[in-house]
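Chain by chain, the residues run as shown.
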Amino acid sequence: MLGLEVPLQSNAFFAVLNQAFPRHRPDPRISTRILSGLARARAIESSCLALSWQKMNMCAPNSYHYGAVIDACAKTGMWKMALQLFNDMLQNELQPNPITCSAAISACEKGSGWEAGLQLFGSMVPSTVELDAITCSAAISACEKGGRWEKALQLFSGMVHCKMESDTICFNATISSCEKRGEWEMALQLLRAMAQSKVQSNMITRGAAISACEKSGEWKRALQLFSEMPQNIIESSTIVFNAAISACGQAGRWENAVELFSMMARNVVETDTITFSAAVSACEKGGEWDTAVHLLSAMQQCKVEANTISFTATIGACEKAGEWEKALYLFSAMEQSEVEFNVITISAAINACEKGGACNNAFQLLSAIPKSIQRD
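Here the structure is a predicted model, which is why all the values come from computation and not from measurement. (Residues numbered from 1 in each chain as written. Predicted model: local features only at pLDDT ≥ 70, side-chain atom pairs only at ≥ 80, totals over all residues. Heavy atoms only, no water.)

Enquirer: Mind showing me how you'd approach a nonpolar patch on the surface here?
Expert: Together, Met203, Ile204 and Ile239 give the surface a local cluster of nonpolar side chains, amounting to about 240 Å² of exposed area. Note on placement: Met203 falls in helix 12 (residues 203-215). Met203 sits in the partly exposed class, given a relative accessible area of 32%. (Patch = residues over 30% accessible without salt bridge, like charges linked within 9 Å, V, L, I, M, F, W, Y side chains within 5 Å. Areas by Shrake-Rupley, 256 points an atom, 1.4 Å probe, with all protein chains shown as cover. Salt bridge = Lys/Arg side-chain N within 4 Å of Asp/Glu carboxyl O. Helix = DSSP H or I, 4+ residues; strand = E, 2+ residues; numbered from the N terminus. Buried < 20%, exposed > 50% of the residue type's maximum accessible area, 1.4 Å probe, protein only.)

In structure tokens:
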């Protein structure tokens, strides 16, 4: 039974199939239609039972049958199940095709098994399975999930060397790998290669490139990329706006950060915790405590959850402005909201009290510091 746990309702499921196809071995083409339908419905458990039913009726599943179920696993993030099915397929001496391999690697990448996905890809290289662009793209995406930017570039270069056509997904995964490690020069080089190859970029592409520049302190390049973007992408991408607002914060240009934030509202672009935190941090660096407090309050109105970064940045802004009472109020609100604070948070609150001459309040905060933070 594929080594899978069989549910109690399996007999009822088998009975339905036996009634539909009585007294003869099921036609593989009919089995393909059944499995494809179950896979489209993402009925993973039933799909596995259908494979077992085929075996019981002396009609061994083929590569296409397994591929349909593995693809459904990929779409639902069930990477362990996908690998189990893939291994079962090999044990039955079935030759996997590129589509099946790509689906199994994608399942690992979309779940939390990127390492297993790369191992699977590595096992394909010396085998007789022909690598294609889809398989390589799935492996590059696995590298991106695991922060393996050098491996991602190696795979991408291999695709170019083999004259495989790289698509938007492949470029995005490679650029995102560079972005996570702050490799902004390589990210921009890939962006230029994408344009030269006439591959269409999208909000993920641009957002990753801008973020790579922002993380490396290359805020001028980040804002230049933002200004060069097509208007239709700018007006619809939270990812791109977040990266641009963060770049403004890095540059100390809080006015531009707030303007971009306002532009999001005008264009009805969804804001999230990252958006607000980036805008608040920009205001904190610019000493605009009242704007930071306003943005933090707006988070609650927009039903966006405030986090440690947004609270800490706002308290820091109040500290710089000597608004110790507001800093204490925010620290108290942070505790009531059960948002975790850190050394930076409590240091800002204590410094605010010290600057305001509220030494007693500072001592109270100091005595309330958890031992875990004191050790830090």
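Picking up where we left off.
Enquirer: Which parts of the structure should I look at to understand the pattern of salt bridges?
Expert: When the charged atoms of two side chains lie near each other, side chains of opposite charge can form a pair. In the structure shown here, the tally under the stated rule is six salt bridges. Across the pair Lys215 and Glu179 runs a salt bridge, and its minimum N-O distance is 2.5 Å. In this pair, Lys215 is assigned in helix 12 and Glu179 in helix 10 (residues 168-180), connecting sequence segments 36 residues apart. Assessed through its relative accessible area of 46%, Lys215 is described here as partly exposed. For Glu319, the salt bridge goes to Lys355, with nearest N and O atoms at 2.7 Å. Of this pair, Glu319 sits in helix 19 (residues 308-320) while Lys355 sits in helix 21 (residues 343-355); the two residues are 36 residues apart in sequence, bridging distant segments of the chain. What makes Glu319 buried here is its relative accessible area of 11%. Residue classification places Lys355 among the exposed residues on the basis of a relative accessible area of 52%.

Enquirer: Would you mind going over helix 11 (residues 184-196) with me for this structure?
Expert: Two residues of an α-helix separated by three or four positions point the same way, owing to the 3.6 residues in each turn. A rise of 1.5 Å per residue sets the reference length of helix 11, with its 13 residues, at 18 Å; its end C-alpha atoms lie 18 Å apart and thus fit the reference within 8%. Along its buried surface, helix 11 packs onto helix 9 (149-161), helix 10, helix 12 and helix 13 (219-228). Trailing helix 11 by a residue or two, Lys198 shows a phi angle of about 60°, which is positive. (Expected span 1.5 Å × (residues − 1). Contact = heavy atoms within 4.5 Å.)

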